[in-house]
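# Chain and residue survey
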Amino acid sequence: MTKLLDLIFQMVVHPKNALNEITEFNLLKESIVICIISCILFMIAAFGKDSGIIAGFVVILLIVINLIMHAASVHYISSLWNGSGSAKGITSGFISNTIVYAFCVFPVFFAQWGFENISKILFIVIAIWSYVLDVIAIRENYKFTIGKSIVVNFIPQLIILALILLLVVLTTLSAISGIMELQNLESVVSQI
């Protein structure tokens, strides 16, 4: 129990040391406990909102799916760049990085108390902190430089953005094609 509390403290105060230990020794059990604690605190914030507990569970499900996909894509890209880490190590690192969700309680409470601007600023700080923790986890697991870790963390997001843009372009072209066929059909009908 003391080791777990020390790890949680280190994640907040010295994340580099904690993530080095988590990724190097593949502390998956400890990471899952950190994630469960963070999700419980996140659910406490969901009780006070109008969306309720079901929305909180949906968000947690999306977080789990995102963790799995993000860890898999980062591990694949890192292995292409000769990273020396393991998939279990990066998964443990990303799971323990969910500690930032525990701090979502504060901006939610500030929003409920009417301090919307403070709430927005806190959410931005939490998002930046989450990104920084992911970069540190990549660096510690694969022994990359900071710059290479940032690029590795950014590549999956670029791929998703490219896929979304491709989907939008294909949908737009399909809609234009359908409109043109409809206009051709109207001209055929008017000739009859």
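Residues take numbers from 1 onward in each chain, read along the sequence in its written order. Only residues with pLDDT of at least 70 get local features here, since the model is predicted, and only at 80 or more are side-chain atom pairs given and counted; chain-wide, interface and lining totals rely on the full set of residues. As a rule here, side-chain values come from all non-hydrogen atoms in the structure, and water together with hydrogens is ignored.

### Let's talk about the confidence of the model for the protein chain
For clarity, the cut-off: Confidence scores per residue from the predictor, reported as pLDDT, run from 0 to 100. Numbering of helices and strands runs from the N terminus, with a helix taken as a DSSP run of H or I at least four residues long and a strand as a DSSP run of E at least two residues long.
Per-residue confidence for the protein chain averages 88 on the pLDDT scale, and 94% of its residues sit at or above 70. Taken element by element, the predicted model of the protein chain shows its lowest mean pLDDT in helix 3 (residues 28-47) (84) and its highest in helix 8 (residues 116-142) (95).

### Focus on the environment of L4
For the record, the criterion: Think of it in three bands: residues with accessible area under 20% of the maximum for their type are buried, residues over 50% are exposed, and the middle band is partly exposed, with areas taken using a 1.4 Å probe on protein chains only.
Among the secondary structure elements, L4 is positioned in helix 1 (residues 2-13). The class of L4 is buried, set by a relative accessible area of 15%. Separated by 74 residues in the primary sequence, L4 and S78 place their C-alpha atoms 28 Å from one another.

### Overview of the packing of helix 2 (residues 15-24) against helix 8
What counts is decided by this rule: Comment: axis = line fitted to C-alpha atoms, over the contacting stretch for helices; angle = value between 0 and 180 degrees taken between N-to-C directions. Any angle from 65 to 115 degrees is called roughly perpendicular, while one under 35 is roughly parallel, one over 145 is roughly antiparallel, and all others are oblique. Crossing handedness follows the turn of the near helix against the far one: under a right angle anticlockwise gives a left-handed crossing, and clockwise gives a right-handed one. Residue contacts follow a heavy-atom distance rule, with two residues in contact if any of their heavy atoms lie within 4.5 Å.
Interaxial distance between helix 2 and helix 8 falls to 9 Å at its minimum, and their mutual angle equals 50 degrees. In terms of axis orientation, helix 2 runs oblique to helix 8. Like other packed secondary-structure pairs, helix 2 and helix 8 cross with a definite hand, here right-handed. Contacts between helix 2 and helix 8 involve P15, K16, L19, N20 and T23 on the former and, on the latter, L133, I136, A137, R139, E140 and N141.

### Thoughts on the nonpolar core
Defined as follows: Definition used in this section: a nonpolar core is a set of buried Ala, Val, Leu, Ile, Met, Phe, Trp, Tyr and Cys residues joined via side-chain atoms within 4.5 Å.
Core analysis: the biggest nonpolar cluster contains 33 residues, and M11, V74, I90, F94, L133 and I138 have the highest contact counts within it. At the level of elements, helix 1, helix 2, helix 3, helix 4 (52-80), helix 5 (87-96), helix 6 (99-102) and helix 8 are the ones that each hand at least two residues to this core. The biggest single contributor to this core is helix 8, with 7 residues. Once residues lying within four places of it in the same chain are set aside, the contact partners of L133 are M11, P15, L19, N97, I99 and V100.

### Brief notes about the packing of aromatic side chains
The line we're drawing: Stacked, edge-to-face and tilted are the three classes for Phe, Tyr and Trp ring pairs, Trp counted by its six-membered ring, which pair at centre distances within 6.5 Å; planes under 30 degrees apart are stacked, over 60 edge-to-face, the rest tilted.
With the rule as written, the count across this model stands at 6 aromatic pairs. Taking 6.2 Å as the distance between ring centres and 75 degrees as the angle between the ring planes, the aromatic pair formed by F110 and F115 counts as edge-to-face. For F115, a relative accessible area of 43% gives the class partly exposed. Relative to F144, the ring of Y142 has its centre 5.7 Å away and its plane inclined at 25 degrees; by these criteria the two rings are stacked. The burial state of Y142 is the same as that of F144; both residues are buried. Connected via pairs of aromatic rings, a cluster forms that spans F109, F110, W113 and F115.

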